[in-house]
Amino acid sequence: MTSHIDGCSITTSEGLGNSRAGFHAVHERIAGFHATQCGFCTPGMSVSMFSALLNADKTHPPRAGVSNLTAAEAEKAVSGNLCRCTGYRPLVDACKSFSADVDIEDLGFNTFCKKGLPCYDHASQVCTFPEFLKKELKSLDDDPRKYRWSSPVSISELQSLLGLENGVSVKLVAGNTSTGYYKEEKDKKYDRFVDIRRIPELTAVRRDEKGVELGAAISISKVIEVLREKESVLIFAKIAAHMEKIASRFVRNTGTIGGNIIMAQRKHFPSDLTTILVAARATVKIMSSGSGVQEQYTLEEFLHRPPLEAKSVLLSLTIPFWRPVKNSSTHRADPEHSQMKHSRMDTHLLFETYRAAPRPLGNALAFLNAAFSAEVSLNEAGDGVVVNDCLLAFGAYGTKHAIRAKKVEDFLAGKVISDEVLLEAISLLKDEIVPDKGTSNPGYRSSLAVTFLFEFFGSLTTNSWLNGGCKEPLKPVAMLSSAQQIVENQEYSPVGKGIEKTGAKLQASGEAVYVDDIPSPENCLYGEFIYSTMPLARIKSIGFKENRVPEGVLGIITYKDIPKSGKNVGAKGFFASDLLFAEEVTHCAGQIIAFLVAESQKIADIATKLVVIDYDTEGLEEPILSVEDAVKKSSLFEIPPFLRGKPVGDINKGMSEAEHKILGSKISFGSQYFFYMETQTALAVPDEDNCMLVYSSTQAPEFVQRTIAGCLGVPEHNVRVITRRVGGGFGGKVMKATQAQSELLLEGSRPNTERPTPIEYSLVAAACALGASIMQCPVRTYVNRKTDMITTGGRHPMKITYSVGFKSNGKITALDLEILLDAGLSEDLSPFMPSGIQGAIMKYDWGALSFDVKVCKTNTVSRTSVRAPGDVQGSYIAEAIIEKVASYLSIDVDVIRKVNLHTYESLRLFHSNKAGEPTEYTLPLLWDKLAEFSGFNQRVKVVEEFNALNRWRKRGISRVPAVYGVSMRFTPGRVSVLRDGSIVVEVPGIEIGQGLWTKVKQMVAFSLGLIQCGTTSDELLDKIRVIQADTLSLVQGSITGGSTTSVASSEAARICCDGLVERLLPVHAALVEKTGGPVTWDSLISQAYQQSINMSVSNVYTPDISTGYYLNYGVAASEVEVNILTGETTILRTDIIYDCGKSLNPAVDLGQIEGAFVQGLGFFMLEEYLMNSDGLIVTDSTWTYKIPTVDTIPRQFNVEILNSGHHKNRVLSSKASGEPPLLLAASVHCAVRAAVKEAKKQIQTWSNNNGQGIDLSFDLPVPATMPVVKDFCGLDVVEKYLEWNIHQKKNF
Ligand SMILES: Cc1cc2nc3c(=O)[nH]c(=O)nc-3n(C[C@H](O)[C@H](O)[C@H](O)COP(=O)(O)OP(=O)(O)OC[C@H]3O[C@@H](n4cnc5c(N)ncnc54)[C@H](O)[C@@H]3O)c2cc1C
Ligand code: FES
C-alpha cells in the first residue's frame, strides 16, 4: 500500500552509497568482512546495520571513527534478517566493527587487518528529508470523500470520517504490519482506508499517579523506549524486555500496540503483548463506532468481548503502577518508587514474563507465552512464603485469547509455597491450559505452562527470593565470538589470497542486478502458477469463483495450449522428462496445473487464489502417500545397475564375526526446503523469427534452453538463456548429477564427454517462454514464497532399517542397510541418490557393508537434490548407528567413533580409487588436531561436572567426522583480451554466492601473470571481468552444482589463459628486446592487436580418471546446552577443521564452510517441511518454516582451514568446500542427544522403579526442535522432580 508511506522519504541501501557516489562504510565493512555470498539478503542487512548505527549515535555523538553501538547491540542489529548463505557470523562481525567496545583483532577474517578500517563518520549518517522531495509534498484537498486514503489529524476528524457513509467498508490502518500475517488482507478491497498515525491523541504518552497511558498508534519500539525511561519500575522493565522479542526491530518500529491488541481481540492472533499486559492489569479505552462514546475496560475484559467493530477505535492503553488487589490497611501503593517493596517490608511484588519460541531473540511466534505477578510475604512463623495474591496469564498456546488461570490463582491465594502445593497447582493448571483442537504440539505447550509456573514459584520454596528477590534484567552482553585459522597461500598469487568477493559492494548497496531487477519491457505480462491440492484426481475444469474472470487477467495457460510442434515438458532429464503441466489427471498435491497470465504480478497472485478447480476422483485408485504403501504396491523407480549401492566385503562373514548384534533398528528423516532468498523467477522476451530471449534464475541455463526449445518445438539456437547471478540455489535451481557421473566414469561405461543429463527445474522459465510465445509479448514471473515452497520439493524423506554387528570393544564388523527413499512423483535425480548416501555412510570402516535402497514413487511432490543430497542423510545414518552401538556397549561414543575410523587400507577398500594417495587421507590428522584445537578432552570433563551440578540445564559435547566424495566435470571456458588490455572471461558456472567469479578472476590473473610483464598479477585482477552466462555464446554449459563448478571453471579459464600466454610470450620477448623492458600489460596487448594476434581463446577442461574424483575430509566438535524445562538448545561452541587442500581463496572457502554448516544446522535442529494428509506442503511460509537466524548459531564458532599441501591431481592443489561442511552440523545433533541422555539419566534417579522404561539408547529425531527435545527430556519432568522431592523429604 503505497499510500502508507505518504509523507515519508525512503533511503534505500543504494541511497546510502553506491558505485557512482562512493560506497557507504556499511557496504565497505560487509564486503571487507566477506559477509556476502549470493547477496540477495545483503541490501536488507546494510539497511539494518545502518539504522542500528543511526539509533546508537542519535543522542550522543560517538568518538571519532566509531559508533556508540555496543557489541551486543550490533548482534541484535541483524537478528531479524534472514540469510541462507553466510551463516551470519561475518555479518555480525561487520556490524561489530563499528563498536567502540570491540577490537578488530577479535573479529573474523577480513581485508582490513592490513589496510585498516575504512572511515566511519557518524555525522554523515543523518538522514534528512531531502529538499527535492519536500517540493513534491502536495497538500490534500480538504474534502476527504475524494480519496480512498485519509490521514485525519484529530479525533473529531476521525469521527467524522468514520461516520461519513453507511455501507462503506472502512479499514483503520496503523503500521499495517498485520498484512504480513493475515496475507489475505492484502487482497481485500476496502472502500476507504483511514491512517490513524497522525492523530495526536493516539500517539501521546501521558503519565499520572495511576500509571502510564499510551496512545494506541504508538509503535512497539517507542513503547519500549518509554518503559525503559522508568526502568526502576520492575514491571515496566520486564515488559520492555519481553517486547524486544516481539517480531523484529523493523516490525517493532512500525507495528503499533493498538494494532497488536486488535489483531488478538478480533482475530485471535497469538500475541505476546496481550498476555503480558493482562498480567500487568492494563486497561484500554475504546471509542465506539457511530456514537463516539468512549468506554474503558480491563484488557482482559476487552479480549473476551465480541470482536471490535470495524469503525470502533482503540484509543489508548494504560499500564497501571502496581496496586495490591487484595487491599489491606497495611498495603499502600507508592506508584513511582515502590514497585517491589511496600509499607510492610515483608511484602513483595514479583513480576516475570516468559516465552518459548524457536528463536530466542524473537522473529518467531511463541509456542506459549506467560506473565505472572504475585504479591508474597513471609508467613507468621517466618519459615515459608505466602502468596497473598497472584495473577497468572498465559497466551499463544492455541487458544483464542490470553487467559488467566483463575483456578490456580484462587488455589494459590493464601497458601505457603511448598512442593506439595506446587504439585497440586500444576495439576489444576493442566486442566486450565489446554490448547484448542488442531493446535500443533499440544502436549509440549501444556508442559511449558507447567514449566513457567514452576520457574516462577519454585524458588519460593527455598526462600531464595528474600536474598535478592526475583531476577533483574541483566545488562545485555555480546553472545557471539569466533576465531579462524587460515593460511593464505602465496605460491600461485593472487590465487590463494583471501581477497574480497567480486561484486560484494554492489550486492551490499543493492546495485547488483538479479532477474527481477531487470526493468519490465513494454507490454510485459506477469504469470503465477496454479497447482493441485489433490494427490490424485481428474481435473474436470478450471475456472474462477462465481465464474467471474478477475479484472486484469488475460488467460490461463494449460497443457492444451502447448504448440503442436512442442511438447508438454517442464524439465528434460536423464531418466525421463517432467511435465510442465498436469494433463487430465493430477498426480500430486503441488503439481503445476496451469499458468495464469495477468497485467501485473499482484493481479496474477491474487487471481490464482480465486481459481476454482473441479476435481473428480471416481474410478481412480487411492493415492500412494507413504514409502511403505509404495513398496506394497511395487511403485518403485528403476535404479540402473551402475547406480545401485555396491556391497563391500562379505556381510554374512561380518555378522558371524560379531560378538553383539542390533537387528532391525530404524531411523527416519523428513525433508528440507532450499529456502533460497530469491524464489524461482524468469523473464521471457519474444524476438524476431520465432526466437526467445530468457533471463532465468537458474543453476543450469543450458538445460533451461533445451527444455524451452523442446516445449516450444523450436531449435535450441532459437532460445537464448542469460543468467548473471542467482540469489541462492542450493540445488533448487538445478538437479545435481555429479555423483552419478562419477560412478559412470569409474565404471568406464561411458566416455566422460557423454554425460548423463540431469533434469533441471526449468519449469518456471518454460512457462514464461510458453506464455510469451502464445501472447507474443514479454512474460515474467516472480514466484511467491508459498507457491515456491509448495511446488518445488526439497530433500528426500527416507526411512532406514539396519542391522549392525560389532565386537565388545566397539569395532563394527558388519552393517546391513535397507533404505526407502521417498522420491515423490517423478524420478528427477532420485536414482542417483543411493550412491551419495552410501558414499557418506562409508566414512567409517564397517567391516562389511550391504546396502539396499528402494526409490519409491509416491503421489507427493517430486523431491530433488538439496545441498549435499544424500550425503547429509548418509553421514547422519552412520552417526546414529555409532551412537546406538555405544549405548549398547555403554562405551563413550567418541571411543567408538575412533575405533571405527578408516585406516588408509580400509578407506581404499570402501572408496576404491577415490581414496587417492595415502598422504591425501587427512582425516585421522584432523581428528587428533581437533581434539587439541578445541580442547575436546578437557571440555568433556567440564561438561560432566556441569551436568552433575545443574538440574535443569544439561550439556552435551560431540565430535564427528565427515567424508565427502566429489567429482569434477567437463567445463568449457573462453578468455578474451580487449584492445585496452581489459580482460573478459566466459565460464558456464553461475555465480550463486559461492565466489565463482572471484576464484576465476584470481586464476586468470595468476595465469596471465606468468608472462611476467611489468604489470603484476595483483594489478591484472582489476582488469578482469567475468560475465554472465549466455547459452548462445558459450555452449555445453552444463550445471552449477556439486561443489566443484568454481574450480572447474577456474581450470577451464586457466587452460584458455595458457593459450593466450603462448601467443603473447613471443610478442613480450620482442618488446623487451626492443625497449629494454619492462613492458606493461597494456602496451603488450596494444602490440598484439597491431600484429592481429587472436586475443580470444576458448578451450575445455576435461577431467580424467585420476583428476575427476576425490574425497574431502572435515571434523567438527560441538557443545550444546539444553534447557530441559523448555527444550531449548543453545549451541555454546563449534570447532571445525576442514581440509581445503590449498584453498584458492580462503575467505570464500571460510564463508562456504560456515554457511554450509549453518544450513545443516537448520536441517538437524529447526526446519520442518511438513505435508498434510493429502501430501500438500503445509509449512509454506516464514511463519511456519524456521531457518537459522543469528541467535541460533554457535555462540563461539571457530574454524580452521587446513592447508593440506600439495595434491598433484587437484586444480592448483585445491579442494571443494561448498557442500561437505554441511554434514558436520550432525555434531550439534549428536551433542544434543548426549545432553538429553543426561536428562534421562537424571529422571532415572528420580524414579521409584529405578528408571525402568527409560530408554537410554533412544534415537533423537531430526530435526531436534524444541518440542522434540522437551518430549525426550520428559514433558512431565517438573512433576517427576516434585514427586521425588516430596518422597525424599518424607523418607528423611
Ligand atoms: C513478522 C512479524 C512477526 C511478529 N511477531 C510477533 C510476536 O512474536 N509477538 C507478537 O505479539 N506480535 C507479533 N507480531 C505482530 C505485530 O506486533 C503486529 O503486526 C503489530 O503490532 C500490528 O500493529 P500495526 O500498527 O502494524 O497494525 P495494523 O496492521 O495497522 O492493524 C492491525 C489491525 O488492527 C486494526 N487497528 C489498528 N489500530 C487500531 C486502533 N487503534 N483501533 C482499532 N483498530 C485498529 C487495523 O484495522 C487492522 O485490522 C508480528 C508481526 C509480524 C509482521
Ligand atoms: S548472502 Fe544472504 S541470502 Fe545469500
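The structure displayed is predicted, hence computed values, not measured ones. Along every chain, residues carry numbers that run from 1 in the direction the sequence is written. Naming scheme: in the order in which they are written, chains are lettered from A and ligands are numbered from 1. Totals for whole chains, interfaces and linings use every residue, but because this is a predicted model, local features are given only for residues with pLDDT of at least 70 and side-chain atom pairs only at 80 or more, for both listing and counting. For side-chain calculations, the full set of non-hydrogen atoms in the structure is used, while hydrogens and water are omitted.

Caption draft 1: Representation of the overall build of the chain in the model. The helix and strand tally for the chain stands at 41 helices and 37 strands. To get the radius of gyration, use the C-alpha atoms; to get the globule rule, take the number of residues to the power 0.38 and multiply by 2.2 Å. Taken against the 2.2 N^0.38 rule, which gives 33 Å for 1292 residues, the C-alpha radius of gyration of the chain at 32 Å falls within 12% of a compact globule. Taking the principal axes of its C-alpha atoms as reference, the chain extends roughly 105 × 85 × 80 Å. Whether two residues are in contact is decided by their heavy atoms: any pair within 4.5 Å suffices. By sequence separation, contacts in the chain at least 24 residues apart represent 79% of the contacts at least 6 residues apart. Approximately 48,700 Å² of the chain is accessible, and the part contributed by carbon and sulfur atoms is 51%. Asp and Glu are treated as the negative residues and Lys and Arg as the positive ones, with His and the ends of the chain left uncounted. Charged side chains are reduced to one point each, which is NZ for Lys, CZ for Arg, CG for Asp and CD for Glu. With 135 positive and 146 negative side-chain charges, the chain shows a spacing of 1 Å between the two charge centroids. For the purposes of this entry, the term helix denotes a DSSP run of H or I that reaches at least four residues, the term strand denotes a run of E that reaches at least two, and both are numbered from the N terminus. Using a 1.4 Å probe, the Shrake-Rupley method yields the accessible areas, and only the shown protein chains count as cover for residues.

Caption draft 2: Summary view of the UniProt feature "active site" (unreviewed entry) in the chain. The feature "active site" (unreviewed entry), as annotated in UniProt, sits at E1219 in this numbering. Mapping E1219 onto the fold places it in the loop between β37 (1196-1202) and α39 (1226-1246). Two N or O atoms form a polar contact when they lie within 3.5 Å of each other; inside protein one atom must be a possible hydrogen donor and the other a possible acceptor, and for residues adjacent in sequence the pair counts only when both atoms belong to side chains. Side-chain polar atoms of E1219 contact the backbone nitrogen of A868, separated by 2.8 Å. UniProt positions are given in the numbering used here, feature names are shortened, and annotations may be inferred rather than shown by experiment.

Caption draft 3: Representation of the side chain of T860 in the model. Within the secondary structure, T860 sits in the loop between β28 (848-857) and α29 (871-889). A polar contact of 2.8 Å, which involves the side chain of T860, links it to the side chain of T858. Excluding residues that lie within four positions of it along the chain, T860 makes contacts with C588, L625, D822, G824, L825, M1171 and G1175.

Caption draft 4: Structural detail: the sheet that holds strand β35 (residues 1109-1123). What makes two strands pair is DSSP finding at least two bridges between them. Strand order across the open sheet formed by five strands is β13-β37-β36-β35-β29, with mixed pairing between neighbours. This sheet does not close on itself; its edge strands, each paired only once, are β13 (481-485) and β29 (953-967). Ignoring which end each strand starts from, the neighbouring axes of this sheet average 15 degrees apart. Looking at chain direction, β29 and β35 are connected through 15 bridges and run antiparallel. Bridge pairing in β35 places G956 opposite V1120. Every angle, taken between N-to-C directions, lies between 0 and 180 degrees, and every axis is a line fitted to C-alpha atoms, over only the stretch in contact when it is a helix.

Caption draft 5: Looking closely at the pattern of salt bridges. What makes a salt bridge here is a side-chain nitrogen of Lys or Arg within 4 Å of a carboxyl oxygen of Asp or Glu, nothing more. All told, the structure shown has 64 salt bridges when counted by the stated rule. Here E883 and R1233 are joined by a salt bridge, their closest N and O atoms 3.0 Å apart. Taken together, the residues span a long stretch of sequence, with E883 in helix α29 and R1233 in helix α39 at a distance of 350 residues. Of the two residues, E883 and R1233, neither departs from the other in class, the shared state being buried. A salt bridge links D1135 to R1133; its shortest N-O distance comes to 2.8 Å. By relative accessible area, R1133 is classed as buried at 17%. Sharing partners across several salt bridges, the network here consists of K843, E879, E883, R897 and R1233. Relative accessible area decides the class of each residue, using a 1.4 Å probe on protein chains only: under 20% of the type maximum gives buried, over 50% gives exposed, and in between gives partly exposed.

Caption draft 6: How the structure looks around the state of the cysteines. Two cysteine sulfur atoms make up a disulfide if the distance between them is within 2.5 Å. Counted under the stated rule, the structure contains zero disulfides. This cysteine, C1056, is not joined by any disulfide, and C1057 carries the nearest cysteine sulfur, 6.8 Å off. C1056 gets classed as buried once you look at its relative accessible area, which sits at 0%. Note on C1230: no disulfide assigned, nearest cysteine sulfur contributed by C1273 at a separation of 16 Å.

Caption draft 7: Region of the structure containing the packing of aromatic side chains. Two rings belonging to Phe, Tyr or Trp (six-membered ring only in the last case) form a pair when the distance between their centres is within 6.5 Å. Interplanar angles under 30 degrees mark stacking, angles over 60 mark edge-to-face geometry, and anything in between is tilted. Under the definition given, this model contains 42 aromatic pairs. Between W952 and Y1281, the ring centres sit 5.1 Å apart and the planes meet at 85 degrees, which makes this aromatic pair edge-to-face. Note that W952 is positioned in the loop between α33 (936-949) and β29 and Y1281 in helix α41 (residues 1277-1291), a separation of 329 residues in sequence. Consider the rings of Y1169 and Y1185, whose centres lie 5.7 Å apart with planes at 75 degrees: the pair is edge-to-face. With Y1169 in the loop between α38 (1146-1166) and β37 and Y1185 in the loop between α38 and β37, the pair connects residues that are 16 residues apart, well separated along the chain. A ring is considered to have a charge above it if a Lys NZ or an Arg CZ atom is located within 6 Å of its centre and within 35 degrees of its normal. Its guanidinium or amino end placed over the ring of Y182, K267 lies 4.4 Å from that ring's centre, counting from NZ or CZ.

Caption draft 8: Quick peek at the site of ligand 1. Not every one of the 32 residues close to ligand 1 is listed here, only the nearest: L172, G175, T177, S178 and T256. When ligand 1 sits alone it has 970 Å² of accessible area, and the protein chains cover 93% of it. For the shell around ligand 1, the secondary-structure elements that each account for two or more residues are β2 (170-173), α14 (257-267) and β8 (313-320). Ranked by the residues each element gives to the shell around ligand 1, the list is headed by α14, at five residues. Throughout this document, a residue counts as near a molecule or strand when at least one of its heavy atoms sits within 4 Å of that molecule or strand.

Caption draft 9: The arrangement of the nonpolar core in detail. We define the nonpolar core as a collection of buried residues of types Ala, Val, Leu, Ile, Met, Phe, Trp, Tyr and Cys that are connected through side-chain atoms lying within 4.5 Å of one another. With 220 residues, the main nonpolar core has L392, F394, L412, F457, L817, W846 and I877 as its most contacted residues. Residue contributions to this core peak at 11 residues, all from α38. Apart from residues lying up to four places away in sequence, F394 is in contact with T275, L368, N369, A370, F372, H401, A402, I403, A405, L429, I433 and A449. By size, the runner-up hydrophobic cluster in this structure holds 46 residues, among which are L277, L349, A371 and A393.

Caption draft 10: Fine view of unusual backbone geometry. Of the consecutive residues S493 and P494, the connecting peptide bond is found in the cis state with omega at 5 degrees. Structurally, the position occupied by P494 is in the loop between β13 and α20 (504-509). Across the junction of V1262 and P1263, the peptide omega takes the value 0 degrees, indicating a cis bond. The phi angle at A868 is positive, at roughly 60 degrees, despite the residue not being glycine.

Caption draft 11: Molecular detail of the packing of helix α36 (residues 1045-1075) against helix α37 (residues 1081-1090). Axis separation between α36 and α37 bottoms out at 10 Å; the angle between their running directions is 110 degrees. Between α36 and α37, the angle falls in the class roughly perpendicular. Within the contact between the two elements, α36 uses L1064, V1067, H1068 and L1071 and α37 uses W1081, S1083, L1084, I1085, Q1087 and A1088. Ten residues, namely Ala, Val, Leu, Ile, Met, Phe, Trp, Tyr, Cys and Pro, are considered nonpolar, four, namely Asp, Glu, Lys and Arg, are considered charged, and the remaining ones, Gly among them, are considered polar. Taken together, the residues that form the contact of α36 with α37 break down as seven nonpolar, three polar and no charged. Reported orientations rely on four angle classes, namely roughly parallel under 35 degrees, roughly antiparallel over 145, roughly perpendicular from 65 to 115, and oblique for the rest.

Caption draft 12: Expanded view of the sheet that holds strand β19 (residues 611-616). Strand order in the open sheet made by the three strands is β17-β15-β19, with antiparallel pairing throughout. Each of the sheet's edge strands pairs with one partner strand only, and the pair in question is β17 (585-586) and β19.

Caption draft 13: The arrangement of the side chain of T787 in detail. Along the polypeptide, T787 turns up in helix α27 (residues 785-791). Not counting residues within four places of it along the chain, the set of residues in contact with T787 comprises E528, F529 and Y531.

Caption draft 14: Looking closely at the environment of L317. Take L317: it is sitting in strand β8. Taking C-alpha positions, L317 is 9.9 Å from L202, a pair spaced 115 residues apart along the chain. In this view, L317 contacts V212, E213, L214, I257, I261, L277, A282, T283 and V284; residues no more than four positions away in its chain are not counted.

Caption draft 15: Local environment of helix α34 (residues 996-1009). End to end, α34 covers 20 Å across 14 residues, agreeing with the expected 20 Å (1.5 Å per residue, within 8%). Most of α34 is tucked away: 14 of the 14 residues are buried. Any helix carries an expected span of 1.5 Å times its number of residues minus one.

Caption draft 16: Highlighting the pairing of strand β6 (residues 283-287). Within β6, four of the five residues are buried, which leaves the element mostly enclosed by the surrounding structure. Here β6 pairs with strand β7 (residues 294-298) via five bridges, running antiparallel. The residue of β7 that forms the bridge with M287 is Q294. Count of turn residues in the β6/β7 antiparallel hairpin: six residues, of which G290 carries a positive phi of about 75 degrees. Taken together, the five bridges between β6 and β8 define a ladder with antiparallel strand orientation. The residue bridging V284 from the neighbouring strand is L317, located in β8.

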